Amino acid sequence: MLGGKRTSSRHVAVVLMMCLFWYVISSSNNVIGKMVLNEFPFPMTVTLVQLCSITLYSGPFFNLWRIRKYQEIPRAYYMRLIVPLAIGKLLASVTSHISLWKVPVSYAHTVKATMPLFTVVLTRVFFNEKQPTLVYLSLLPIITGVGIATVTEISFDMLGLVSALISTMGFSMQNIFSKKVLKDTNIHHLRLLHLLGKLSLFIFLPIWLYMDSLAVFRHSAIKNMDYRVIALLFADGVLNWLQNIIAFSVLSLVTPLTYAVASASKRIFVIAVSLVILGNPVTWVNCLGMTLAIVGVLCYNRAKQITRSKEPPTLPLSQSNHIKYTPLQQQTDPYYRGALNGKMSNGLHKPGSALSGNSLLANGSGMPSGTATRLLFV
């Protein structure tokens, strides 16, 4: 009993430490990204640097960490889901950097709080999945908060707002369909990140060469070899890669609900740090809108938890509101589905295991519904 408590306490400490690293790296990434774009206004090039970082660093480090390699994916499936996912990742990344370039970090992250709204809409469009009234009501504070923040934003820019909304929709769509790919192909989630990064870079490189390359090489920072800008670009790419790695690591340690709460808390941390370091002017009404939007995200997560707790217990995939996936291969995935550390292959804990009594810090259910989407991209 004492050993179980020690293991559980150690697990909590690890999660808290990982979240702290996540918050610091994410806020640093956003602040440095804004500094880069202020001096080097090429969001497509910043996106290219980040995709290069994912492509170059992931392979060697994942092999060093002995992350299981993915098997061959059928060509038809690859073209039907993997390629659109890579294009979606590319579009979301570019528009995210455009929004960061055009509007303050605090406002961009406030707009990104609308992700639950896009998740609800997209799951209804693609999977005809309806939500309880409580979930719909929880979206009202998000919409109201973003509306207030938009109206009162001193540095408002329409292109920045539209780009932030497109980016949020893109990341939401990625989260929904990445879950399907993870389940269908049994690929490790970090390998999926690497695969999408490589494919996005392959698709994006010709576009960048045509649209951005000449202007970049003519810019004074590149012509004069401004080491400060080059160092900031390098740091931005490394921090973005680390942010994705730590986000995945936190995700593997906690439930989707806990991850969603941690992600909302991270957004608050990023907004606060950006306001302090970058010093963009805000009014108290603007701060009220930001706060209301973040509180709305927490209300949405709570509403989803209440809704799931009222659902009758069923065998996996027995409910009609679950998205039906047909796995390509029936294999146990010890990394994604949790076959290690006292877990069974369906993600549930064995009786008596150290984490079985901690519902918030146990890895999520092995068969989440379409709306219990794990946020794989941040």
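Residues numbered from 1 in each chain as written. Predicted model: local features only at pLDDT ≥ 70, side-chain atom pairs only at ≥ 80, totals over all residues. Heavy atoms only, no water.

Asks: Describe unusual backbone geometry, and please don't skip the residues or the numbers.
Replies: For Asn128, which is not a glycine, the phi torsion comes out positive at approximately 55°. Tracing the backbone through its elements, the reader meets Asn128 in the loop between helix H5 (115–127) and helix H6 (133–152). Not every positive phi belongs to a glycine, and Asn186 is a case in point at roughly 65°. Examined against the element boundaries, Asn186 turns out to sit in the loop between helix H7 (158–185) and helix H8 (189–211). For Asn186, a relative accessible area of 3% translates into the label buried. (Helix = DSSP H or I, 4+ residues; strand = E, 2+ residues; numbered from the N terminus. Buried < 20%, exposed > 50% of the residue type's maximum accessible area, 1.4 Å probe, protein only.)

Asks: Summarise the packing of helix H2 (residues 43–64) against helix H3 (residues 75–102); cite the residues concerned and give the values.
Replies: At a minimum axis distance of 9 Å, the contact between H2 and H3 shows a crossing angle of 130°. It follows from the interaxial angle that H2 and H3 lie oblique. Seen along the crossing, H2 lies across H3 with a hand that is right-handed. Along the contact surface, H2 presents Pro43, Met44, Val46, Thr47, Gln50, Leu51 and Ile54, while H3 presents Lys89, Leu90, Ser93, Val94, His97, Ile98 and Trp101. Of the residues belonging to the contact of H2 with H3, the class tally is nine nonpolar, four polar and one charged. (Axes fitted to C-alpha atoms, helices over the stretch in contact; angles between N-to-C directions. Parallel < 35°, antiparallel > 145°, perpendicular 65-115°, else oblique. Left-handed = near helix turned anticlockwise from the far one by under 90°. Contact = heavy atoms within 4.5 Å. Nonpolar A, V, L, I, M, F, W, Y, C, P; charged D, E, K, R; others polar.)

Asks: Tell me about a nonpolar patch on the surface, residues and numbers included.
Replies: A cluster of nonpolar residues, Leu91, Phe156, Met158, Val162, Ile166 and Met169, forms a patch on the protein surface that exposes about 490 Å² of accessible area. Ranked by the residues each element gives to the nonpolar patch, the list is headed by H7, at four residues. Its place among the elements puts Phe156 in the loop between H6 and H7. A residue is classified by how much of its surface remains accessible, and Phe156, at 33% relative accessible area, is partly exposed. (Patch = residues over 30% accessible without salt bridge, like charges linked within 9 Å, V, L, I, M, F, W, Y side chains within 5 Å. Areas by Shrake-Rupley, 256 points an atom, 1.4 Å probe, with all protein chains shown as cover. Salt bridge = Lys/Arg side-chain N within 4 Å of Asp/Glu carboxyl O.)

Asks: Outline the pattern of salt bridges, supporting the account with residue identities and numerical values.
Replies: Opposite charge on two side chains allows them to pair when their charged atoms are near. Going through the model one piece at a time under the given rule, you end up with two salt bridges. The partner of Arg228 in a salt bridge is Glu39, and the shortest N-O contact between them spans 2.1 Å. Of this pair, Arg228 sits in helix H11 (residues 227–253) while Glu39 is found in helix H1 (residues 2–39), placing the two residues 189 residues apart along the sequence. By relative accessible area, which is 43% here, Arg228 ends up partly exposed. What makes Glu39 partly exposed here is its relative accessible area of 34%. A salt bridge links Lys180 to Asp184, with the nearest nitrogen and oxygen atoms 3.0 Å apart. Linking Lys180 with Asp184, this pair stays in helix H7, spanning four residues, or about one helical turn.

Asks: Please give an account of the UniProt feature "transmembrane region" (unreviewed entry) in the protein that cites residues and values.
Replies: Mapped onto the present numbering, the UniProt feature "transmembrane region" (unreviewed entry) falls on residues 12–32, 44–65, 77–101, 107–127, 134–152, 189–209, 229–250 and 283–300. Note that residues 44–65 is 95% helix and 0% strand, and that its end C-alpha atoms are spaced 31 Å apart. With 100% helix and 0% strand, the stretch residues 77–101 has end C-alpha atoms that lie 36 Å from each other. (UniProt positions renumbered as here; feature names shortened; annotations may be inferred.)

Asks: How would you sum up the environment of Leu90? Please name residues and give values.
Replies: Looking at the element boundaries, Leu90 is found in helix H3. Taking relative accessible area as the criterion, Leu90 reaches 8% and is therefore assigned buried. Taking the C-alpha atoms as reference points, Leu90 and Leu196, separated by 106 residues in sequence, lie 9.0 Å from one another. When residues no more than four places from it in sequence are discounted, the contact partners of Leu90 are Thr47, Leu51, Ser200, Ile203 and Phe204.

Asks: Tell me what's going on with H6, and back it up with residues and numbers.
Replies: The terminal C-alpha atoms of H6, which comprises 20 residues, lie 30 Å apart, in line with the 28 Å expected from a rise of 1.5 Å per residue. Among the residues of H6, those classed as buried are Val135, Ser138, Leu139, Ile142, Gly145, Val146, Ala149 and Thr150. Burial along H6 is one-sided: seen end-on, the buried residues are contained in an arc of 135°. Exposed residues lying more than 90 degrees from the buried face of H6 are Thr133 and Val151. Close packing links the buried residues of H6 with helix H4 (105–111), H5, H7 and helix H13 (284–310). (Expected span 1.5 Å × (residues − 1). Arc of directions from axis to C-beta.)

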